[in-house]
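Letter by letter, the chains look like this.
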Amino acid sequence: ADGGTSLGGYKFTYEPTDFTSGTGDNQSDRQYQSTGTVTTAETNLDLAGSLTDDWGQTLTFAEIRFFALKNTSASGSGNLVFGNATGTAQFLGWLGAATHTTVLRPGGLWLIDSPYDGGYTVTATTADIIRLSSSTGSVAYTIWIQGTSA
């Protein structure tokens, strides 16, 4: 596959940013990858102080530069819902407001790639929670986040 999709003669291609280590343009120094399962009871991911990287180091993101979330459940399973972390320190990023949500149907993918300095700001204790839940039953997911410490 060439990373592209053809639709009506137009072709969309996507080349993920090839981040180098650091905090400037096209750089990241924090990375989180995980798989999991959520139910209708919410799961909160804290971007500033509770997630750990592949080496067990606690991550504190200052900016999110890349975010990918995939509903890996089979067709007919529940939807993966993220956002609506009202009453917590919700990371608003691209969601706009604390009550907003995005729904990923089975097999769906949400991807944001913002490689330049000034990605989506994370503020510890006031804007650092991403909430995941399912519309019904158990939903499996894969998540990948890259960002910076400053």
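Below, the structure is looked at part by part. Since the structure is predicted, the reported quantities are computational estimates derived from the model, not experimental observations. (Residues numbered from 1 in each chain as written. Predicted model: local features only at pLDDT ≥ 70, side-chain atom pairs only at ≥ 80, totals over all residues. Heavy atoms only, no water.)

A word on the pattern of salt bridges
Next, step 1: This structure, assessed with the given rule, holds 2 salt bridges.
Next, step 2: The residue R30 makes a salt bridge to D29 at a minimum N-O spacing of 3.9 Å.
Next, step 3: Looking at R30, the relative accessible area reads 27%, which means it is partly exposed.
Next, step 4: Relative accessible area serves as the criterion here: at 27%, D29 is assigned to the partly exposed category. (Salt bridge = Lys/Arg side-chain N within 4 Å of Asp/Glu carboxyl O. Buried < 20%, exposed > 50% of the residue type's maximum accessible area, 1.4 Å probe, protein only.)

Remarks on unusual backbone geometry
Next, step 1: The backbone of N26 sits at a positive phi, close to 60°, despite the residue not being glycine.
Next, step 2: Looking at the element boundaries, N26 is found in the loop between β3 (20–21) and β4 (27–28).
Next, step 3: A positive phi angle, close to 70°, is found at T125, a residue other than glycine.
Next, step 4: If you trace the backbone, T125 turns up in the loop between β13 (120–121) and β14 (129–134). (Helix = DSSP H or I, 4+ residues; strand = E, 2+ residues; numbered from the N terminus.)

Topic: the nonpolar core
Next, step 1: With 25 residues, the main nonpolar core has L47, I64, F67 and L69 as its most contacted residues.
Next, step 2: Every element with two or more residues in this core is listed here: β5 (30–38), β7 (48–52), β9 (63–71), β10 (80–83), β14 and β15 (139–148).
Next, step 3: Ranked by residue count, the leading element in this core is β15, at 4 residues. (Core = buried A, V, L, I, M, F, W, Y, C linked by side-chain atoms within 4.5 Å.)

Some remarks on the pairing of β15
Next, step 1: Judged by how many residues are buried, β15 sits mostly within the fold: 7 of 10 residues are covered.
Next, step 2: Where β5 and β15 come together, 9 bridges link them in antiparallel fashion. For T35, the partnering residue across the bridge sits in β15 and is T142. (Pairing = 2+ DSSP bridges.)

Brief notes about the environment of Q31
Next, step 1: Tracing the sequence through the fold places Q31 in strand β5.
Next, step 2: Among all residues touching Q31, those that are not within four sequence positions of it are D53, L59, F61, W144, I145 and Q146. (Contact = heavy atoms within 4.5 Å.)

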